[in-house]
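# Structural overview for review
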Amino acid sequence: MRAVHWGLVALAAAVALVAWFEPRPALEDFDPARHAAFKDTWNKRVHLAYWEKWGSFEAEACQKMCDAFNEGQQEIFVHYIRTSQVDRKSMLAAIGRSPPDVAGLWNFNVIPFAEGGALEPLDGLMARSGLTRDYYIDNYLKLCEYEGRIYALPTAPMSMALFWNKEHFRRRAADLLAAGLDPARPPRTIEELDRYAEVLNEFQADGSPRIMGYLPTEPGWYNHSYGFFFGGRLVDERTGRLTADDPANVRAFAWAKKYAERYGREKLLQFRSGFGTFDSPYNAFIEGRVSMEMQGVWFPMFIRRHRPQMEYGVAPFPCAEGVPGPRSLLEADVIGLPRGCPHPEEAWKFILWTQREGLAILCRLQGKHLPFRRPPPWFHEGHPNPQIEIFEQLAMAPESFIIPATRVQLEYRDMVIRAFEHMWNWPVERHLPGGLKGRERERAAEEACLREAAEELGRVRESMQSQLDAVDRRAAAAGRAAP
Amino acid sequence: MNAPWRAGLKGCAFILPWLIALCVFIGYPFLAGFFFSFCEYQPLKAPAWIGLENYGELAGDARFHRSLGVTLVYAAVAIPLGVVLAMTLAMFLNARVRGQPFYRVIFYIPHLVPTVVVAILWLWIFNPKYGLLNIVLAQLVRAVEWWTGLFFDLAAAREGPAFARGPAVLLALPAALGLLVLGPAGRRLWRGRAAGLRRFLAAAAVAGIVLAAAAAIDAGATWLAPDDVKRLREPSWLSDGNPMPSFVPLAPPMALWALIVMSTWGVGQMAVIYLAKLQDVPAELYEAADIDGAGWLQKTRRITLPMISPVILFNVVMAIIGTFQIFAEPYIMTQGGPEDKTRFVAMFIYDNAFQYQRAGYASAVAWVLFLLIVAMTLLAFRLSRRHVYYEGR
């Protein structure tokens, strides 16, 4: 028995010894297969860890941007480290005081990271390097601000538009003409969108949809933004108060609900369940299950990947009658300098280079536009996204909008999306008096939906506003002003 | 150093790695979480003491109440269902049938499959269009419709109440006769005096149920509202947030039913524990009962259940703890939707701590959840005092 004990102790000691002397992998490790071109300068360079979120061809684009930087000088080597859930991992790394040199985050991470002191303010570095505010499209830079200071810089910007399937429009040209609609162009107002959608719908013998002209819940990523196309706002920029139950937002939710009412919520649920994943040939728009869809600047690259011969058009997403356009929701991926990173000076050099040269490589290969006011003239030549100029115009359009940052940003967005889901599933027929038919029933249903949407969004505003007030109050007490 | 001391020291040395891990990975977070629950704590900032504010906010937070409601409703349905199913399964596995070890392995295997794999598998099973469940359900609905259609086609020409119509009785007769013909089973169930009368009454009851079901389904006077019947034809399992059945207050929404159905997938492990105890019940007790003329039902009620009652309590307590901590399945399958109808308390904690960076508030919720689990477990122990039989005492 004693021998067994000693054996176990010896085994444990052996494991500990191996673990102690086993060299840990480091950024500076030279891999002859991957780094042959940098053999001569490898040991002289400062090695930076750049955590970024991309996958698939977007990751390749990011790698190419890093390669271009590494080849263009001999002092720094940037290691692009593909990191899923990059915001959470960056946060944990910051807490553990072991952040990467450069972190690629989302715009909604800026406030919590800046407030928590996890990102360096960049204003001073920008001024020293001659990088000015007017270099950027104002909205994209606003996404990087907190308390009037810039804590990150935009990388891949997002704008969105209406994608329309030209094949469907052509096939139903006669019906569209009969309905007084032009089959050669997409809808320009929400009211027109409804009329186009109605004509483009195709149903099976049992009444279930085969093709939907438009489906407000597809892809379902921006359900919280419909209100903007009706002239609404989620936050009053002047006062910083939440305005979820802005009458325009209420109208937008009631408008989306009409689709569930008209075509049957259950049938639409089942219809959607047959769609494939976004990045697949079975994507609802790419496969031709929906004729029109709200999508982002990246989408043409996915269409090209899965159905290159598809004929489609892109246009600004229509606004309700009387609401000025064109407009688009703008968001952005951002790049920041984590506080306490090992090589801040070199990391800034890399960030600066991305803004001056690198993003042109990244955004071109990812099929996106640049977050700058004046992109270089060569940027558009041979750009893989044939619709890039429309997105660029949308990004610069004066009516385009961002969701102003608050301390409850993510939670607020989730709550508004939940309210949208609530409206979509709300059984309106149970709230109508019996015996109504035809237009009378339609009107009563619309009024009921408007009432319910106003109440639901009112609840969201109340609950989130009280939470925001409490958070702001505590922050103010701790010596920080509200953003 | 004397021998007992040396033995004790050696014992301590052996449990030391486990003890250190317990203190570092469970003890410290447990106590730190308690402290943080009184703080405003964004992970990137130092925690700031705010007293009972987090608990005060909890009391008025509609989202927390909703997630607590979801968890309680799920527990109220899934725990009894799991316990009863596992026990039934164990009793079947305990029967002397050919290939018994094979069946035991088959029922235990699902427990070995990782949760994430199970969730993805069920995601496909619940797919409304291509899912296995809806394909089977569609066939069942067709069979029921055929049966009820036949019933009313036959009865259409006659007058009088449905129960009095000859063809209707004809359809119910096979069920009644079946029960009577199942003599051996019937004899095993009811023995002794008036056994024949009891068998006759049981057959009549079955016939009545068959008739009532047929009449109810086809006449539209269903126990489910007509809308619910429509929803059952091709349920959108994971995306339907409306209660089922819709007229029952606090009934679980369809999406929650889906998770409840899925929870039965793992009852094999519970069944194996029951089985171990079932095989431990002394055979002489059953022999004595046989001599006294007890039937299967009496033996189950008077011998089997009391003898395995400690294991039932154990399984109930484990189920309470497990159910209140459910996270991975809804996180993968529904992300809390539709409309937060499957947002369990554990998900609520995760969202607040990691998504919204409110670790202090999340800690307060975690402590409330902990106290709730303790309360439920104590309740289970208290209720069990009169019903659990320990042989050793």
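Within each chain, residues carry numbers counting from 1 in the order of the written sequence. For this description, chains carry letters from A and ligands carry numbers from 1, given in the order in which they are written. pLDDT decides what is reported in this predicted model: residues at 70 or higher carry local features, side-chain atom pairs at 80 or more are listed and counted, and totals for whole chains, interfaces and linings draw on all residues regardless.

The way it works is that DSSP assigns letters per residue, a run of H or I at least four long becomes a helix, a run of E at least two long becomes a strand, and they are numbered from the N terminus. In terms of helices and strands, chain B carries 17 helices and 2 strands. Buried residues are those with 20 or more other C-beta atoms within 10 Å of their own C-beta, exposed residues have 12 or fewer, and partly exposed residues lie in between; C-beta atoms are placed from the backbone. Looking at the 393 residues of chain B, the share that counts as buried comes to 29%.

On to the overall build of chain A, then. If you tally the helices and strands in chain A, you get 18 helices and 12 strands. Projected onto the principal axes, the alpha-carbon positions of chain A cover approximately 85 × 65 × 50 Å. Here chain A, with 483 residues, has 45% of them falling under the buried criterion.

All names here are of chain B. With domains assigned, chain B is organised as domain 1 (3–55), domain 2 (62–127 + 249–393) and domain 3 (129–234). How far each domain reaches was decided by an automatic or database domain assignment. When each unit is reduced to the centre of its C-alpha atoms, the spacing between domain 1 and domain 2 is 29 Å. We call two residues in contact when their backbone-placed C-beta atoms lie within 7 Å. Taken together, the 12 residues of domain 1 in the interface contact 8 residues of domain 2. The element best represented in the side of domain 1 that touches domain 2 is helix α1 (residues 3–36), accounting for 3 residues. Across the side of domain 1 that touches domain 2, the residue classes break down as 7 nonpolar, 4 polar and 1 charged. Each residue receives one of three labels: charged for Asp, Glu, Lys and Arg, nonpolar for Ala, Val, Leu, Ile, Met, Phe, Trp, Tyr, Cys and Pro, and polar for the others, Gly being one of them.

As a further point, take the pairing of strand β9 (residues 209–214) of chain A. Residue and element names in this part refer to chain A. Within β9, 5 of the 6 residues are buried, leaving the element largely enclosed by the surrounding structure. Two strands qualify as a pair provided DSSP detects at least 2 bridges between them. As paired strands, strand β8 (residues 202–203) and β9 are joined by 2 bridges and run antiparallel to one another. Looking at β9, one finds that E202 is bridged to I211. In textbook terms, the turn of a hairpin is the stretch between consecutive antiparallel strands, and for β8 and β9 this stretch comprises 5 residues, one of which, G207, has a positive phi near 90°. Sheet topology places β9 next to strand β10 (residues 290–296); 2 bridges connect them, and they run parallel. Looking across to β10, one finds that Y214 is bridged to M292.

Turning our attention to the interface of chain B and chain A. At the interface, 26 residues of chain B touch 25 residues of chain A. Across the side of chain B that touches chain A, the residue classes break down as 9 nonpolar, 9 polar and 8 charged.

Before going further, it helps to examine the domain arrangement of chain A. All names here are of chain A. When the domains of chain A are assigned, the result is domain 1 (38–159 + 331–385) and domain 2 (160–327 + 405–477). Taken residue by residue, the interface counts 11 residues in domain 1 and 10 residues in domain 2. Class assignment for the residues of the side of domain 1 that touches domain 2 results in 5 nonpolar, 5 polar and 1 charged.

Looking now at the packing of helix α3 (residues 62–94) of chain B against helix α16 (residues 345–355) of chain B. Axis lines are fitted through C-alpha atoms, for helices just across the contact stretch, and the angle between N-to-C directions can take any value from 0 to 180 degrees. Running from amino to carboxyl end, α3(B) crosses α16(B) at an angle of 145°, the nearest separation of the two axes being 8 Å. Contacts between α3(B) and α16(B) involve R63(B), F64(B), S67(B), L68(B) and T71(B) from the first element and V345(B), M347(B) and F348(B) from the second.

This next bit is on the confidence of the model for chain B. Interpreting fine coordinate detail is not advised for predicted regions of low pLDDT. Mean pLDDT over chain B stands at 83; residues scoring 70 or higher make up 81%. Listed scores for the predicted complex are pTM 0.83 and ipTM 0.83. On a scale of 0 to 100, pLDDT captures the predictor's confidence in every residue.

Okay, the sheet that holds strand β6 (residues 153–158) of chain A next. Residue and element names in this part refer to chain A. The strand order across the open sheet formed by 5 strands is β2-β1-β3-β12-β6, and the pairing between neighbours is mixed. Two strands bound the open sheet, and with one partner strand each, they are β2 (76–82) and β6. Taken over all neighbouring pairs, the strand axes of this sheet differ in orientation by 20° on average, direction set aside. Bridge count for β6 against strand β12 (residues 331–336) is 4 bridges, and the pairing is antiparallel. Considered in β12, the bridge of M158 is made with E331.

All names here are of chain A. If you walk across this open sheet you meet the 5 strands as β8-β9-β10-β7-β11, and the pairing is mixed. The open sheet terminates on both sides in strands that have one partner only, identified here as β8 and β11 (312–315). Two strands pair when backbone bridges link them, and strand β7 (residues 160–165) and β10 are joined in this way by 5 bridges, in the antiparallel orientation. Bridging from a neighbouring strand, F163 pairs with E293 of β10.

Residues and elements named next belong to chain A. The element β12 is largely enclosed, with a buried count of 6 among its 6 residues. Here β12 shows no split at all, with E331, D333 and I335 on one side and A332, V334 and G336 on the other all buried. Where strand β3 (residues 102–106) lies against β12, 4 bridges are found, and the strand directions are antiparallel. Within the sheet, the bridge partner assigned to L105 lies in β12 and is V334.

Turning next to helix α12 (residues 265–273) of chain A. The α-helix advances 3.6 residues per turn, and as a result positions three or four apart in sequence lie on the same side. Buried residues dominate α12(A), accounting for 7 of its 9 residues. Within the sequence span of α12(A), burial applies to R265(A), E266(A), L268(A), L269(A), Q270(A), F271(A) and R272(A).

Residue and element names in this part refer to chain B. The geometry of α16 relative to helix α17 (residues 359–384) is characterised by a closest axis approach of 7 Å and an angle of 160° between their N-to-C directions. Viewed along their axes, α16 and α17 adopt a mutual orientation that is roughly antiparallel. Crossing of α16 against α17: the hand is left-handed. Where α16 abuts α17, its residues V345, F348, I349, N352 and A353 lie against A359, Y361, A362, V365, A366 and L369. Grouping the constituent residues of the contact of α16 with α17 by class yields 10 nonpolar, 1 polar and no charged. Here the angle decides the label: under 35 degrees means roughly parallel, over 145 means roughly antiparallel, 65 to 115 means roughly perpendicular, and every other value means oblique. Less than a right angle of anticlockwise turn of the near helix away from the far helix marks a crossing as left-handed, whereas a clockwise turn marks it as right-handed.

Another aspect to go through is unusual backbone geometry. Look at the link from E218(A) to P219(A): it is a cis peptide, with omega at 5°. Each neighbour pair has its own omega, and for M244(B) with P245(B) the value is -5°, a cis peptide bond. Inspection of the secondary structure puts P245(B) in the loop between α10 (226–233) and α11 (254–263). Unusually for a residue other than glycine, S56(A) sits at a positive phi of about 55°. Tracing the sequence through the fold places S56(A) in helix α3 (residues 56–72).

Another aspect to go through is the environment of M254(B). Residues and elements named next belong to chain B. Structurally, M254 is set in helix α11. Judged by the 24 C-beta atoms lying within 10 Å of it, M254 falls in the buried class. M254 has contacts with R231, P235, W237, D240, N242 and M244, leaving out every residue within four places of it along the chain.

The buried count for α11(B) comes to 7 of 10 residues, which makes it a mostly enclosed element. By the burial criterion, the buried members of α11(B) are M254(B), A255(B), L256(B), A258(B), L259(B), M262(B) and S263(B).

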